[in-house]
Amino acid sequence: MLLNPRLLAFLLAISTAIFTTAFLSFVPEANVNILFISFVACLVISGVLIYFVLDYLVFQEINKMYDTINRLKMKDFGVSRKKLQKDNNPLRKLNDELFVYVSKKEQEVTELKRLEKYRREFLANVSHELKTPIFAAQGFVHTLLDGAMDDENVREKFLNKAAKSLDGLDILVKDLLTLSQMETGDIKMNPARIDVKQITKEVFEQLENKAQSKNVTIQIKSPLPNIWVRADAQRIGQVMTNLVENAIKYGNENGNVWVIFEEDKKDWKISIKDDGPGIASEHLNRIFERFYRVDKARSRSDGSSGLGLAIVKHILQAHRTKISVISKPEKGTTFSFRLEKSLNEA
């Protein structure tokens, strides 16, 4: 039964009138006429008073609170008027709306706390990453200025080390700039019909020396001579380079790296698989974060900026797809993503 002030006032007034008349019936002087008049008078007076209290002092104030919550929901959460809950029971309506609004606000606060923690970690990481090559180059240069420059062998050695540190700094700054531009939408994808298998072969050629230095075998598994997809050739080349290079770098010596193409109805699934040491489960949810490193000491020593997988994730998101990872310790790691097929020259 729907709750409204008129019905409540009527029910309460009848109850009051009945109780009042019942008590008066015990008075000896009270006859039927007196009882009837008292019943009617009590019903009317109590009905008006109860209705006034309920409607003007309770229901209207609750409705004002409900309207305020609705306005806040439309402003804060973009809820349309059509989706707002309608209920004639103001108390239940107010309780439901308060519960929904508070729950969403709690979610917002939790998300803001998470983002604040992420921001602090990012600032600490980027400060450290910038400081390391700068201090290294600074140390080599100051050592040369303090007299080591006169020794030709020392001079060349320290200048090479300073140059290597500055090259690492240059890579880091470029990756930060690329990532920032992708997040703000300044870098646009230029999709075209490309042969991703050919791009993979070119990536293999670029990384051949690195693979040979660890005696890693890199190979392609494909059902067709050409894998035509619709994507940005330069950015997909960047994705393949990063993933294959990581598989070589963090895989085992004398190991294997495979790029596997699997056909679906509308997409090609592309997987980069290795038989390396794998990644522990506690790291899998965070490896696409900026500067997150599974092995911090090893990653910094190899010149990695720590931004490669974050850039890969954003490039694939711009292609309306996402990257996934499956890994088990000592059983290798597989990164996979999908790209839309391109069946013709259009």
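See the structure printed just above.
Let me begin by describing the structure that accompanies this report. (Residues numbered from 1 in each chain as written. Predicted model: local features only at pLDDT ≥ 70, side-chain atom pairs only at ≥ 80, totals over all residues. Heavy atoms only, no water.)

### Considerations on the overall build of the protein chain
Then, in step 1: In terms of helices and strands, the protein chain carries 10 helices and 7 strands.
Then, in step 2: Here the protein chain holds 346 residues, and the buried ones make up 37% of them.
Then, in step 3: Here the analysis covers contacts within the protein chain between residues at least 6 apart in sequence; of these, 73% occur between residues at least 24 apart.
Then, in step 4: Carbon and sulfur atoms make up 57% of the accessible area of the protein chain, which amounts to about 21,800 Å² in all. (Helix = DSSP H or I, 4+ residues; strand = E, 2+ residues; numbered from the N terminus. Buried < 20%, exposed > 50% of the residue type's maximum accessible area, 1.4 Å probe, protein only. Contact = heavy atoms within 4.5 Å. Areas by Shrake-Rupley, 256 points an atom, 1.4 Å probe, with all protein chains shown as cover.)

### Focus on the packing of aromatic side chains
Then, in step 1: Under the counting rule described, the total for this entry stands at 2 aromatic pairs.
Then, in step 2: A centroid spacing of 6.1 Å and a plane angle of 85° characterise the contact between Phe 288 and Phe 335, whose relative ring orientation is edge-to-face. Of this pair, Phe 288 sits in the loop between helix H8 (281-284) and helix H9 (296-301) while Phe 335 sits in strand E7 (residues 332-340), and the two are 47 residues apart along the sequence. Residue Phe 288 shares its accessibility class with Phe 335, and that shared class is buried.
Then, in step 3: When the ring centre of Trp 258 is taken as reference, the NZ or CZ atom of Lys 273 above it lies at 5.8 Å.
Then, in step 4: Lying across the ring of Trp 268, Lys 341 places its NZ or CZ 6.0 Å from the centre. (Phe/Tyr/Trp six-rings, centres within 6.5 Å; stacked < 30°, edge-to-face > 60°. Lys NZ or Arg CZ within 6 Å of the ring centre and 35° of its normal.)

### Concerning a nonpolar patch on the surface
Then, in step 1: Where nonpolar side chains cluster on the molecular surface, the patch consists of Phe 36, Ile 37, Val 40, Val 44, Ile 45, Val 48 and Leu 49 and spans about 680 Å² of accessible area.
Then, in step 2: As for its position among the elements, Ile 37 is in helix H2 (residues 32-77). (Patch = residues over 30% accessible without salt bridge, like charges linked within 9 Å, V, L, I, M, F, W, Y side chains within 5 Å. Salt bridge = Lys/Arg side-chain N within 4 Å of Asp/Glu carboxyl O.)

### What about the side chain of Lys 197?
Then, in step 1: By the element assignment, Lys 197 lies in helix H5 (residues 196-206).
Then, in step 2: Buried Lys 197, no salt bridge; nearest opposite-charge side chain is Asp 195, N-O distance 7.3 Å.
Then, in step 3: Those residues in contact with Lys 197 that lie beyond four places of it in its chain are Ile 220, Ser 222, Leu 224, Pro 225, Ile 227 and Phe 261. (Lys, Arg positive; Asp, Glu negative; His and termini not counted.)

### What about the environment of Ile 287?
Then, in step 1: If you trace the backbone, Ile 287 turns up in the loop between H8 and H9.
Then, in step 2: Residues Ile 287 and Val 325, spaced 38 residues apart in sequence, show a C-alpha to C-alpha distance of 9.5 Å.
Then, in step 3: For Ile 287, the residues in contact, after removing those within four places along its chain, are Ile 279, Tyr 292, Val 294, Leu 309, Val 325 and Phe 335.

### Considerations on helix H4 (residues 152-184)
Then, in step 1: Taking 1.5 Å as the rise per residue, H4 with 33 residues should run 48 Å; its terminal C-alpha atoms sit 48 Å apart, in good agreement.
Then, in step 2: When we look at burial in H4, the residues that qualify are Phe 158, Ala 162, Ser 165, Leu 169, Leu 172, Asp 175, Leu 176, Thr 178, Leu 179 and Met 182.
Then, in step 3: Backbone geometry just after H4 places Gly 185 at a positive phi near 80°. (Expected span 1.5 Å × (residues − 1).)

### Focus on the pattern of salt bridges
Then, in step 1: Following the criterion strictly, the structure yields 4 salt bridges and no others.
Then, in step 2: With a closest N to O distance of 2.2 Å, Glu 245 and Lys 210 form a salt bridge. A residue pair is termed long-range when its members are at least 10 positions apart, and Glu 245 in helix H7 (residues 233-250) and Lys 210 in helix H6 (residues 208-213) qualify at 35 residues.
Then, in step 3: Overall, Glu 245 belongs to the buried group, its relative accessible area being 18%.
Then, in step 4: Exposure remark for Lys 210: the relative accessible area of 41% places this residue in the partly exposed category.

### Regarding the sheet that holds strand E6 (residues 324-328)
Then, in step 1: Ordered in space as E2-E4-E5-E7-E6, the 5 strands form an open sheet in which the pairing is mixed. In the strand order of this sheet, the two ends are held by strand E2 (217-221) and E6, each with one partner. Averaged over all neighbouring strand pairs, the angle between strand axes comes to 15°, with direction disregarded.
Then, in step 2: The pairing of E6 with E7 spans 5 bridges and is classified as antiparallel. Each residue of the ladder has a partner; that of Val 325, found in E7, is Phe 335.
Then, in step 3: H5 contacts E2, strand E4 (256-263) and strand E5 (267-274) of the sheet and is inclined by roughly 175° relative to E2.
Then, in step 4: Against the sheet, H7 contacts E2, E4, E5 and E7, and its axis sits at roughly 25° relative to E5. (Pairing = 2+ DSSP bridges. Axes fitted to C-alpha atoms, helices over the stretch in contact; angles between N-to-C directions.)

### Comments concerning a negative patch on the surface
Then, in step 1: A cluster of acidic residues, Asp 150, Asp 151, Glu 152 and Glu 156, forms a negative patch at the surface.
Then, in step 2: Inspection of the secondary structure assignment puts Glu 156 in helix H4. (Charge placed at Lys NZ, Arg CZ, Asp CG, Glu CD.)

### Brief notes about unusual backbone geometry
Then, in step 1: Even without a glycine there, the phi angle at Arg 320 is positive, about 60°.
Then, in step 2: Mapped onto the fold, Arg 320 is located in the loop between helix H10 (308-318) and E6.
Then, in step 3: Under the relative-accessibility criterion, Arg 320 is labelled exposed at 82%.
Then, in step 4: Its identity as a non-glycine residue notwithstanding, Glu 330 has a phi of 70°, on the positive side.

### Some details on H5
Then, in step 1: Three or more residues of H5 are buried, namely Val 196, Lys 197, Ile 199, Thr 200, Val 203 and Phe 204. Taken down its axis, H5 places every buried residue within 155° of arc, on the same side. Across H5 from its buried face, at more than 90 degrees, point the exposed residues Glu 205 and Gln 206.
Then, in step 2: At the N-terminal end of H5, a side-chain oxygen is found 3.1 Å from the backbone nitrogen of Lys 197, two or three residues along, and the residue is Asp 195. (Arc of directions from axis to C-beta. Polar contact = N/O pair within 3.5 Å; in protein donor to acceptor, adjacent residues only side chain to side chain.)

### A word on the nonpolar core
Then, in step 1: In terms of nonpolar packing, the biggest core is built from 50 residues, with Leu 243, Ile 270, Ile 272 and Phe 337 touching the most fellow members.
Then, in step 2: Sorting the residues of this core by element identifies H4, H5, strand E3 (228-231), H7, E4, E5, H10 and E7 as the ones contributing at least two each.
Then, in step 3: When residues of this core are assigned to their parent elements, the largest contribution, 7 residues, is made by H7.
Then, in step 4: If we ignore the near neighbours within four places in the chain, the residues touching Ile 270 are Val 196, Met 240, Val 259, Ile 260, Phe 261, Phe 335, Ser 336, Phe 337 and Leu 339. (Core = buried A, V, L, I, M, F, W, Y, C linked by side-chain atoms within 4.5 Å.)

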